[in-house]
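Each chain, letter by letter, is given below.
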Amino acid sequence: MPLIAVEEHWMMPELTAALRAVPHGDESLVFNEMGDHLERLEDLGAGRIAAMDAQGIDMSILALTPPGAQPLPPENALALSRAANDVAAASVARHPARFRSLSTLPMSSPKDVAGELRRAAAMGHLGTMVYGRSGDLLLDDPVYDDFFAAASELGQPVFIHPQLPSPAVRDACYRGFDPMTDLALATFGWGWHLDTATAALRLILRGTFDRHPGLQVVLGHWGEMLLFWSDRVDSLSRVAGLQQPVSDYIRSNFFIAASGMLNPALLHHALSVTTIDRLIFSTDYPFQRPTAQDINSFLGHFCSDTAREQFSSANAASLYGIDI
């Protein structure tokens, strides 16, 4: 059966240079440069396809690596978002059987976000990847409601990806160790995931899905901890005046990606909170690189061929409108 990976990262050198030039920039860029990550991130051709072949992946949905263009000043964010979307679309055009792409958006310039989403969708991007914060603007800020309205109207799923927490949050929660431990605690070890779950939960509490019931959001890493606290977050629904319990929005408006965390216990827990038609495969390439054997072993934990096919390709194909 086909295998579609929905969260496979890439990077554009011009964007890397612009992010490095930002004063007090995003320290997590260091992860892009570890080992051969940068070489793999910048490869949108033969090397990436060879890696896919080795893993048994038929199609990768490309998305810029964190933090995208979101830390940039508005004018730079718009120009580089447009450039990145053009590059990704050209790569898909060169390898239409192997690649699709998610757009990147100038979230630091809210007035330009919906317009670039529409332009990118017209170019063939299947959805978009954003982060929970742009400077001091949180993703649930009302200035982004036109963006979510456009995403719902266009059928463009919004993937909310982890990013480095704000300096204030880092100072309050993630300091006090050596610099690398500080950074690891604030990112892949804990902070990334809690920050992203909070961004998603704030969208729900803001009434985003009551206003835009067709909007679909994707969370990686088995739901970024949100699935594991559904019993408690449901108690927020009445306080916030929502039309449904939080867990109902999770089941109807969220898709959950594996992000290379091929642990059967995480799969089983996810299925206790949501349904098989809401789970999708991803590897978080190149930061996670499960082998073909790892992937096949994990797929053996599904209860039926139908469930395995849904997770491997059918759910992603339905969500993103891919003809398989």
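Residues numbered from 1 in each chain as written. Predicted model: local features only at pLDDT ≥ 70, side-chain atom pairs only at ≥ 80, totals over all residues. Heavy atoms only, no water.

Draft legend 1. Geometry of the environment of aspartate 284. For aspartate 284, the location among the structural elements is in the loop between strand S10 (279–280) and helix H16 (292–299). When the C-alpha positions of aspartate 284 and glutamate 7 are compared, they lie 5.4 Å apart, and in sequence the two are 277 residues distant. Apart from the residues lying within four places of it in its own chain, the contact partners of aspartate 284 are Glu7, Glu8, His9, His161, His221, Ser259 and Gly260. Looking at aspartate 284, its side chain comes within polar contact range of the side chain of histidine 9, at 3.0 Å. (Helix = DSSP H or I, 4+ residues; strand = E, 2+ residues; numbered from the N terminus. Contact = heavy atoms within 4.5 Å. Polar contact = N/O pair within 3.5 Å; in protein donor to acceptor, adjacent residues only side chain to side chain.)

Draft legend 2. Inspection of the pattern of salt bridges at higher detail. Counted according to the given criterion, the structure contains 16 salt bridges. Between glutamate 153 and arginine 118 there is a salt bridge; the shortest N-O distance is 2.9 Å. Linking glutamate 153 in helix H6 (residues 145–154) with arginine 118 in helix H5 (residues 110–123), this pair joins segments that are 35 residues apart in sequence. For glutamate 153, a relative accessible area of 56% gives the class exposed. (Salt bridge = Lys/Arg side-chain N within 4 Å of Asp/Glu carboxyl O. Buried < 20%, exposed > 50% of the residue type's maximum accessible area, 1.4 Å probe, protein only.)

Draft legend 3. Expanded view of the packing of aromatic side chains. Scanning the model with the defined rule gives eleven aromatic pairs in all. Seen from their ring centres, phenylalanine 209 and tyrosine 249 are 6.3 Å apart, and the 40° between their planes marks the pair as tilted. Note that phenylalanine 209 is positioned in helix H10 (residues 208–211) and tyrosine 249 in helix H14 (residues 246–253), a separation of 40 residues in sequence. Look at phenylalanine 209 and you get buried, because its relative accessible area is 2%. Note on tyrosine 249: relative accessible area 0%, which makes it buried. (Phe/Tyr/Trp six-rings, centres within 6.5 Å; stacked < 30°, edge-to-face > 60°.)

Draft legend 4. Quick peek at unusual backbone geometry. Cis geometry is found at the peptide bond from proline 66 to proline 67, where omega equals 5°. Its place among the elements puts proline 67 in the loop between strand S2 (59–64) and helix H4 (74–94). Between tyrosine 285 and proline 286 the backbone carries a cis peptide bond, its omega angle lying at 0°. Counting through the fold element by element, proline 286 comes out in the loop between S10 and H16. Positive phi, normally seen in glycine, also occurs at histidine 221, with a value near 50°. Mapped onto the secondary structure, histidine 221 falls in helix H11 (residues 221–224). Residue class for histidine 221 comes out buried when judged on its relative accessible area of 12%. With a phi angle near 80°, methionine 225 is a residue other than glycine that sits in the positive phi range.

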